[in-house]
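Spelled out, the chains give:
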Amino acid sequence: MIVSNKLLSALFGAALAALALSPVATAEPQELAEMHVEMDGCEACHEDGEPSADGAFEFEQCQSCHGTLDEMDAVHQPHEGNLMCADCHAPHDMNVGDKPTCDSCHDDGRTPESILK
Ligand code: HEC
Ligand code: HEC
Ligand code: HEC
Ligand code: HEC
């Protein structure tokens, strides 16, 4: 009786733990922009919530929170002065956790890993 009570409570505990973990385990992919909207609204990136024509204002906003390309890792550094963040991390087209690829611009088979190694 004691053993089975223990077993029951262990099972109950495991079920609770599974329940507590399930939102993480089954989380839907979330758009990169949406994750930022939850922090600061559209205004996190857009002036008065409206997209700019050239993306320069948005690029300033990225850098104000994350720092400049120069200040980041070896994947980012060589693109200082060449690219804006959204050229690789399209906030409305990519999800949190997506890693940008290189082959849309470089055709020599380089990858983030080959640079960071
Ligand atoms: C993480 C920063 C970020 C957030 C937050 C964000 N956007 Fe954007 N959005 C961008 C970037 C970068 C672009 C592309 C650059 C540009 O052309 O302005 C863009 C483009 C757009 C465009 C133009 C779409 C297109 O295909 O050209 C619209 C419309 C837009 N955003 C609306 C919104 C709205 C509405 C919100 C809030 C619900 C929002 N954005 C939140 C970064 C963001
Ligand atoms: C040349 C394409 C490229 C550009 C431009 C770029 N990134 Fe990245 N970014 C990547 C790649 C690839 C990774 C994943 C590998 C790594 O960690 O460097 C990454 C990783 C990240 C991460 C870490 C996300 C994670 O998975 O932990 C952040 C944050 C980030 N970038 C922000 C930015 C910001 C902010 C800018 C602009 C200042 C920017 N990136 C510009 C390609 C790019
Ligand atoms: C208001 C501050 C703020 C602004 C503006 C901002 N970010 Fe972020 N961003 C964050 C925070 C906070 C996180 C979550 C912690 C982290 O991963 O660094 C994050 C996370 C990220 C990640 C990692 C997501 C993942 O896969 O884990 C990327 C990539 C990123 N931001 C790109 C951008 C880009 C591109 C822009 C501009 C278009 C931008 N951010 C603007 C604060 C900001
Ligand atoms: C949106 C286009 C674009 C993407 C995507 C991109 N790059 Fe670049 N990259 C450039 C441009 C533009 C330059 C500067 C001109 C040049 O040197 O070719 C450059 C230069 C570089 C350089 C320095 C010059 C060289 O060729 O050695 C490295 C290193 C580099 N990129 C690595 C990467 C890696 C790694 C990735 C994938 C994570 C990547 N790039 C994704 C556009 C891009």
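A few points on the structure. (Residues numbered from 1 in each chain as written. Chains lettered and ligands numbered in written order. Predicted model: local features only at pLDDT ≥ 70, side-chain atom pairs only at ≥ 80, totals over all residues. Heavy atoms only, no water.)

This part covers the site of ligand 3. H36, C62, C65, H66 and G97 are the nearest of the 15 residues found near ligand 3. Contacts to ligand 3 include H36, whose side-chain N or O atom sits 2.8 Å from a nitrogen atom. Within the side chain of H66, an N or O atom sits 2.8 Å from a nitrogen atom of ligand 3. Of all elements in the fold, only helix 2 (32–40) and helix 3 (56–66) reach the threshold of two or more residues within the shell around ligand 3. Counted by class, the shell around ligand 3 contains eight nonpolar, five polar and two charged residues. (Near = heavy atom within 4 Å. Polar contact = N/O pair within 3.5 Å; in protein donor to acceptor, adjacent residues only side chain to side chain. Helix = DSSP H or I, 4+ residues; strand = E, 2+ residues; numbered from the N terminus. Nonpolar A, V, L, I, M, F, W, Y, C, P; charged D, E, K, R; others polar.)

Ideal coordination angles are 109.5 degrees for a metal with four donors arranged tetrahedrally and 90 or 180 degrees for a metal with six donors arranged octahedrally. Protein coordination at the iron atom of ligand 3 comes from H36 (NE2) and H66 (NE2), with a distance range of 2.0 Å. Around the iron atom of ligand 3, the six donor atoms sit at angles spanning 88 to 179°, and that spread fits a shape best called octahedral. With a gap of 30 residues between them, H36 in helix 2 and H66 in helix 3 connect regions that are remote in the sequence. Judged by relative accessible area, H66 falls into the exposed class, the value being 54%. (Donors = N, O, S within 2.8 Å, 3.2 Å for Na, K, Ca; no water. Tetrahedral: all angles 85-135°; square planar, octahedral: opposite > 155°, others 65-115°. Buried < 20%, exposed > 50% of the residue type's maximum accessible area, 1.4 Å probe, protein only.)

This part takes up helix 3. Two residues of an α-helix separated by three or four positions point the same way, owing to the 3.6 residues in each turn. Every buried residue of helix 3 is listed here: E58, F59, Q61 and Q63. Contacts made by the buried residues of helix 3 are with helix 4 (85–88). Among the residues trailing helix 3, G67 stands out with phi positive, at a value near 90°. (Contact = heavy atoms within 4.5 Å.)

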